[in-house]
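Residues per chain, in single letters:
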Amino acid sequence: MQSTHEDKNVKAALSFVRAVEAMDGSRMEGFFAPNVEQIEMPNAFKPRGQVRDLNALTADIEKSKGIIEQQKYDILNTVARGDIVVLEMVWHGTVVKDIPPLRAGQNLRAQCMAIFEFREGKVIKLRNYDCFDAL
């Protein structure tokens, strides 16, 4: 059985996912520690991966508005233990405009895992593993 502490962390992690779906970087305030590190593991769109601070993460969430629409995360599993929350998800999104090799209207899908590390109620580290279906 999860503790209240773990329940709060899960709720915070899910609120982050919903903010990303809405492509609303302004909802990041108060969620992350000021020195947060977000690590995107190598994937089809970022072959070398990427490390972002809070400003870069917020900016990239806002930038996605011109590239993707109707994005949604289906939560498959949630695991919480102490200050760690793991979400297993399936992401779906639709491409807004042609960005070769992607075409406007193309539906994308990825199997995702996000690992959130909390300290004092704030995310200090977030690791994303996004495995995109064949383009």
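Check the entry above for the structure.
All values reported here derive from a predicted model rather than from experimental measurement.

Enquirer: Which parts of the structure should I look at to understand the pattern of salt bridges?
Expert: Think of it this way: side chains of opposite charge can pair up when their charged atoms draw near. For the structure shown, the criterion picks out 10 salt bridges. For the salt bridge of K46 with E40, the shortest nitrogen-to-oxygen distance reads 3.6 Å. By relative accessible area, K46 is classed as partly exposed at 26%. A salt bridge links R127 to E117; the shortest N-O distance between them is 2.5 Å. Of this pair, R127 sits in strand β6 (residues 122–132) while E117 sits in strand β5 (residues 107–119), and the two are 10 residues apart along the sequence. A single network of salt bridges, built from pairs that share partners, joins E40, K46, R52, D60 and K63.

Enquirer: What should I look at first to understand the packing of aromatic side chains in this one?
Expert: Any pair of aromatic rings gets described here by the distance separating the centres and the angle formed by the planes. Taken as a whole, this structure holds nine aromatic pairs when the rule is applied. On the numbers, 6.4 Å between centres and 85° between planes, the contact of F31 with F116 is edge-to-face. One end of the pair, F31, is in the loop between α1 (4–21) and β1 (32–40); the other, F116, is in strand β5, and 85 residues separate them in sequence. Each member of the pair, F31 as well as F116, is classed as buried. Judged by centre distance (6.4 Å) and plane angle (25°), the ring pair of F116 and F118 falls under stacked. Looking at F118, the relative accessible area reads 3%, which means it is buried. Within the aromatic cluster, the residues linked to one another by ring pairs are F16, F31, F32, F116 and F118.

Reading guide: rules and limits
Residues numbered from 1 in each chain as written. Predicted model: local features only at pLDDT ≥ 70, side-chain atom pairs only at ≥ 80, totals over all residues. Heavy atoms only, no water. Salt bridge = Lys/Arg side-chain N within 4 Å of Asp/Glu carboxyl O. Buried < 20%, exposed > 50% of the residue type's maximum accessible area, 1.4 Å probe, protein only. Helix = DSSP H or I, 4+ residues; strand = E, 2+ residues; numbered from the N terminus. Phe/Tyr/Trp six-rings, centres within 6.5 Å; stacked < 30°, edge-to-face > 60°.

Read these as layout, nothing more, since geometry by itself doesn't imply function.
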